[in-house]
Amino acid sequence: MTADFILSELQSVANPEKARFLQGFFKTGPGQYAEGDLFLGVTNPVTRNIAKANKQTPLSELEKLVQSPFHEARLCALVIAVERFKKAKKEEQKAIFDFYLRNTRYINNWDLVDITCPHIVGVYLMDQDRSILYELAGSKFLWEERIAMVSTAAFIRNRQFEDALALASFFLTHTHDLMHKAVGWMLREIGKKDRSVLSAFLDLNATKMPRTALRYAIEHYPEDQRQYYLKLK
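This text gives an overview of the structure that appears in the document.

Rules used in this analysis
Residues numbered from 1 in each chain as written. Predicted model: local features only at pLDDT ≥ 70, side-chain atom pairs only at ≥ 80, totals over all residues. Heavy atoms only, no water. Helix = DSSP H or I, 4+ residues; strand = E, 2+ residues; numbered from the N terminus. Rg over C-alpha atoms; globule rule 2.2 N^0.38 Å. Buried < 20%, exposed > 50% of the residue type's maximum accessible area, 1.4 Å probe, protein only. Contact = heavy atoms within 4.5 Å. Areas by Shrake-Rupley, 256 points an atom, 1.4 Å probe, with all protein chains shown as cover. Lys, Arg positive; Asp, Glu negative; His and termini not counted. Charge placed at Lys NZ, Arg CZ, Asp CG, Glu CD. Salt bridge = Lys/Arg side-chain N within 4 Å of Asp/Glu carboxyl O. Phe/Tyr/Trp six-rings, centres within 6.5 Å; stacked < 30°, edge-to-face > 60°. Polar contact = N/O pair within 3.5 Å; in protein donor to acceptor, adjacent residues only side chain to side chain. Expected span 1.5 Å × (residues − 1). Bend = angle between axes of the 7 residues up to and from the residue. Disulfide = S-S within 2.5 Å.

Concerning the overall build of the protein
When helices and strands are tallied, the protein shows 15 helices and zero strands. What you see for the protein is a C-alpha radius of gyration of 19 Å, in line with the 17 Å of a compact globule of 233 residues. Its C-alpha atoms give the protein principal-axis dimensions of about 55 × 40 × 30 Å. In the protein, which comprises 233 residues, the proportion classed as buried is 51%. Put simply, 69% of the contacts in the protein that link residues at least 6 apart link residues at least 24 apart. Of the roughly 11000 Å² of accessible surface on the protein, a fraction of 53% belongs to carbon and sulfur atoms. Taking the 32 positively charged and 28 negatively charged side chains of the protein as two groups, their mean positions are separated by 4 Å.

Looking at the pattern of salt bridges
Across all of its chains, the model carries 15 salt bridges by this definition. Across the pair Arg-84 and Glu-92 runs a salt bridge, and its minimum N-O distance is 2.8 Å. Overall, the relative accessible area of 15% leaves Arg-84 in the buried class. With a shortest N-O distance of 3.0 Å, Arg-226 and Glu-223 are connected by a salt bridge. Here Arg-226 pairs with Glu-223, and both are found in helix α15 (residues 223-232), just three residues apart, close to one helical turn. In this structure Arg-226 comes out as buried when scored by relative accessible area, which is 16%.

Overview of the side chain of His-180
Turning to its location among the elements, His-180 is positioned in helix α12 (residues 177-193). For His-180, the residues in contact, after removing those within four places along its chain, are His-174, Thr-175, Pro-210, Thr-212 and Ala-213.

Considerations on the side chain of Arg-84
Residue placement: Arg-84 occurs in helix α5 (residues 71-87). Ignoring sequence-local partners within four residues, the contact set of Arg-84 consists of Lys-55, Gln-56, Thr-57, Pro-58, Leu-59, Leu-62, Glu-92 and Ile-96.

Concerning the packing of aromatic side chains
In this structure the tally under the stated criterion is 10 aromatic pairs. Judged by centre distance (5.0 Å) and plane angle (90°), the ring pair of Phe-25 and Phe-26 falls under edge-to-face. Between Tyr-33 and Trp-143, the ring centres sit 5.9 Å apart and the planes meet at 70°, which makes this aromatic pair edge-to-face. You can see Tyr-33 sitting in the loop between α2 (16-25) and α3 (44-53) and its partner Trp-143 sitting in helix α9 (residues 142-151), a full 110 residues away along the chain. Using a relative accessible area of 4% as the deciding quantity, one classes Trp-143 as buried.

Notes on α2
Two or three places before Glu-17, at the opening of α2, Asn-15 has a side-chain oxygen 3.0 Å from that residue's backbone nitrogen. The positive-phi residue at the C-terminal boundary of α2 is Lys-27, with phi of around 55°.

A word on helix α7 (residues 110-124)
Compared with an ideal rise of 1.5 Å per residue, which puts 15 residues at 21 Å, α7 spans 20 Å between its outermost C-alpha atoms and is within 8% of the ideal. Helix geometry: α7 is bent most strongly at Cys-117, by close to 55°, with proline Pro-118 lying one to four residues after it. In terms of burial, α7 is largely enclosed, as 11 of its 15 residues are buried. Within α7 the residues assigned to the buried category are Asp-111, Leu-112, Val-113, Asp-114, Thr-116, Cys-117, Pro-118, Ile-120, Val-121, Gly-122 and Tyr-124. On its buried face, α7 is in contact with α5, α6 (90-102), α8 (131-137), α9, α10 (153-157) and α12.

Brief notes about the state of the cysteines
By the definition in use, this model includes zero disulfides. A disulfide-free cysteine, Cys-117 has its sulfur positioned 18 Å from the sulfur of Cys-76, the nearest such atom. For Cys-117, a relative accessible area of 0% puts it in the buried group.

Below, the structure is given as structure tokens:
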């Protein structure tokens, strides 16, 4: 169970036509958010199957894999880390958490972030000091900012809204659409748990929110309430 072996498994099922599509879908062109990212053209279910078959891969090998130039190799390494984390004792969870934060520069697309950070960063921080999230939020690095925001999904599931609301407020003036979507998504999740909490946030902030974030946040509101908040903009 080595990085080279897993990469060879992924390469054996590569699809160049699919790779070309994915490089367009994930915005890998000059000046785009994933400029220069390379794809093998492996579907997520196949990548997950390869991860499942190699979930005992040591962290030292996962570190090599997560630094691969190929998107699917990084995804595979991160999915293995999530699966390992679920069954790990606290000491190993800390090692996986540290591995994750040590490699954030390679967790460099929205799918890599969203599929993994709530299950590692969020879950680990449930009973830990959460100041690291605010460090990531202030990093000025898009993917660390998104990790900070999306990791709060773990807290929201447990009806702990404070950090998600604080980070949503912090990111209200962010300029990137991917952060607008992340903020709106987490606010929407809060609304699913307690609509009154979301409504209180919107009453204070709807006029300042990017329209994308607002639309995401109010997606499950009745139409009359949606129109009320949209007209505040």
